[in-house]
Amino acid sequence: MFHFPSGLLITLFLIATQYASNVNADEIPFNQTYYQIWGGNHLTISNEGKEVQLFIDQYSGAGFSSKQNFGSGDFRIKLKLPKKNSKGVITTFYLMSKEVDEPARPKHDEVDFEFFGGDGKYTLNTNIFANDEGHREQQFNLWFDPAADFHTYGILWNQYQIVFFVDDIPIRVFKNNTNHGVNYPSNKMHIEATIWNATAWVGEVDWSQGPFTAYFREFSINGCQYQQSNPQYCYRNSYYWNRINYWKLSPKQQQLYEVVREKQMTYDYCLRNAKDFPEC
């Protein structure tokens, strides 16, 4: 077990417990905000549309997408990862500027949660593409078993910063440093979630352990619908996530952020390739 300072360990535990057990008051059915993009019967809907299962076998995985594109927002979903040894399988939740079924788009933007499974151990990989420049991976070991219960994963995106949250705890911040020559995601983006076979990337799947199922809940979306005629519309401070208190982490968030990164982060692109990335 990781040894956090006792007070912060208690805080992490309480926050994780709260978000794993609470039901969002504005929970709405899946079909109201999302639709299936691939996988056929490998996506199933249950509990009156309030839960979706994506499963993968030797034949297919599955995925779904938001119906709308956004220019900013506070995007969150509850997710429970596949159990067993799911090495080679990746479960994702991310923002993407390339439209569904669109050929590869140059200069695309993307903000990724990617979960790697393997022999009861899980790695959370995060990545950011801006103007088609990626390779900004940061990886973490989580302080709980993500296959045992639902936990909330979120992406805050405004014109000042992108923040990755796990159970309301910030684990990664990417600032808008365009004034220093750093590309920053600014295209319209939609939400996608998938489960897929990544054998070529993270190792061969043991199908005797399968099929592997990921579970998703809480499909309400807090986002500004993108307007092609007025992209700046989504920067208005009438949206709470654009207000000044969301331009940077609060002191409490900063403290939690530093502890999680010190104790849980296992890979940081800035430590490997700082000279190639001005933001490092």
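In what follows, the structure referred to is the one given above.
Below is a summary of the structure that appears in this document. From a predicted model like this one, the values you see are computed outputs, not experimental measurements.

**Points about the sheet that holds strand E6 (residues 89-96)**
Each strand in a sheet pairs with its neighbour through backbone hydrogen bonds, running either in the same direction (parallel) or in the opposite one (antiparallel).
Thought 1: Read across the sheet, 8 strands follow the order E1-E4-E13-E6-E7-E8-E9-E16 without closing on themselves; strand pairing throughout is antiparallel. Where the open sheet ends on each side, the last strands, each with one partner, are strand E1 (34-38) and strand E16 (265-268). In this sheet, adjacent strand axes meet at a mean angle of 15 degrees when their direction is disregarded.
Thought 2: As defined by bridge partners, strand E8 (residues 121-129) adjoins strand E9 (residues 138-140) across 3 bridges and the pair is classed as antiparallel. Counted as the bridge partner of Leu 124 is Phe 140 from E9.
Thought 3: Here helix H4 (residues 251-264) sits on the sheet in contact with E9 and E16, set at roughly 90 degrees to E16.

**Comments concerning the packing of aromatic side chains**
To describe a pair of aromatic rings, one takes the distance between the centres and the angle between the planes.
Thought 1: Enumeration according to the criterion identifies 24 aromatic pairs in this entry.
Thought 2: Relative to Tyr 153, the ring of Phe 115 lies with its centre 4.8 Å away and its plane at 70 degrees, an arrangement referred to as edge-to-face. In this pair, Phe 115 sits in strand E7 (residues 110-118) while Tyr 153 sits in strand E10 (residues 151-157), placing the two residues 38 residues apart along the sequence. Each member of the pair, Phe 115 as well as Tyr 153, is classed as buried.

**Some thoughts on the state of the cysteines**
Thought 1: All told, the structure shown has 2 disulfides when counted by the stated rule.
Thought 2: Paired by a disulfide, Cys 224 and Cys 234 hold their sulfur atoms 2.1 Å apart. Since a negative S-S torsion denotes a left-handed disulfide, the Cys 224-Cys 234 link at about -80 degrees is left-handed. Highlighted residues: Cys 224 in strand E15 (residues 222-225) and Cys 234 in the loop between E15 and H4, separated in sequence by 10 residues.
Thought 3: Classification of Cys 224 as buried rests on a relative accessible area of 0%.

Calculation criteria
Residues numbered from 1 in each chain as written. Predicted model: local features only at pLDDT ≥ 70, side-chain atom pairs only at ≥ 80, totals over all residues. Heavy atoms only, no water. Pairing = 2+ DSSP bridges. Helix = DSSP H or I, 4+ residues; strand = E, 2+ residues; numbered from the N terminus. Axes fitted to C-alpha atoms, helices over the stretch in contact; angles between N-to-C directions. Contact = heavy atoms within 4.5 Å. Phe/Tyr/Trp six-rings, centres within 6.5 Å; stacked < 30°, edge-to-face > 60°. Buried < 20%, exposed > 50% of the residue type's maximum accessible area, 1.4 Å probe, protein only. Disulfide = S-S within 2.5 Å.

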